[in-house]
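Structural description and commentary
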Amino acid sequence: MFGDEERAKWEEGEYALPEAPQESSLRQFFVSSASPNQFFVDEQTLTVGGDGVVRYVLVVRTRGGARNVTFEGIRCATGERRLYASGHSDGSWAKARDSRWEPISFNTYNRPQAALAQDCFCDGPAAARNTAEVLRRLRGTDMTIVNPYR
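Residues numbered from 1 in each chain as written. Predicted model: local features only at pLDDT ≥ 70, side-chain atom pairs only at ≥ 80, totals over all residues. Heavy atoms only, no water.

So, the confidence of the model for the chain
Taken residue by residue, the chain gives an average pLDDT of 86. The fraction at 70 or more is 86%. Here residues 141–150 is modelled with pLDDT under 50, and outside its nearest four sequence neighbours on either side it reaches 27 contacts, counting other chains as well. (pLDDT = per-residue confidence, 0-100. Contact = heavy atoms within 4.5 Å.)

Things to note about the packing of aromatic side chains
In the structure shown here, the tally under the stated rule is seven aromatic pairs. Note on Y15 and Y84: the rings are 4.2 Å apart at their centroids and 45° apart in plane angle, and the pair reads as tilted. Of this pair, Y15 sits in the loop between α1 (4–9) and β1 (26–29) while Y84 sits in strand β6 (residues 80–87), placing them 69 residues apart in sequence. Ring centres of F71 and W93 lie 6.3 Å apart, and the angle between their planes is 55°; this geometry places the pair in the tilted category. (Phe/Tyr/Trp six-rings, centres within 6.5 Å; stacked < 30°, edge-to-face > 60°. Helix = DSSP H or I, 4+ residues; strand = E, 2+ residues; numbered from the N terminus.)

Remarks on the environment of R63
You can see R63 is positioned in the loop between β4 (53–61) and β5 (67–75). C-alpha separation for the pair R63 and N37, spaced 26 residues apart in sequence, amounts to 5.9 Å. Excluding residues within four positions of it along the chain, R63 makes contact with P36 and N37.

Things to note about the nonpolar core
One recurring pattern in soluble globular proteins: nonpolar side chains tend to sit buried together. Residues F29, V41, L46, Y56, I74, L116 and F121 are the most contacted members of the largest nonpolar core, which totals 23 residues. The dominant element in this core, judged by the number of residues it contributes, is helix α2 (residues 111–121), at six residues. (Core = buried A, V, L, I, M, F, W, Y, C linked by side-chain atoms within 4.5 Å. Buried < 20%, exposed > 50% of the residue type's maximum accessible area, 1.4 Å probe, protein only.)

Some thoughts on the pairing of β5
A large share of β5 lies buried, amounting to seven of its nine residues. Following β4, the chain reverses through five residues before pairing antiparallel with β5; G65 in that reversal takes a positive phi of roughly 100°. The turn linking β5 back onto β6 is made up of four residues, and G79 within it adopts a positive phi angle of 65°. (Pairing = 2+ DSSP bridges.)

Here you go:
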């Protein structure tokens, strides 16, 4: 993990809000048998940035039929997540009012991010090599990651 000096030197790279997720590019992933919700990543929005941040669109479907869409980032080096924007039903985005890096934990609120970091996005404190590697893991062909956040 980074110390305070390394954190101060790190700069987040540029990013743009993606297009609204398309049903055909949603990939479901497992979070917990205790959750009644379904969780998806939009494969078309997935990127591994030069700054070490894995960015993606998360879609959560509730049992009652609600659909929550967010554009997020995970920084493996520090075990943190960031919410950039929330999606509207018309495909537009609302930038998050409080968009800061927060620790990932396995509590209910962060569980989807923790599952993605553990199973697909991170190699311990490093992001996966590239987007193709993350997609391979997300699709279930390489799930050998050790959880650095427990």
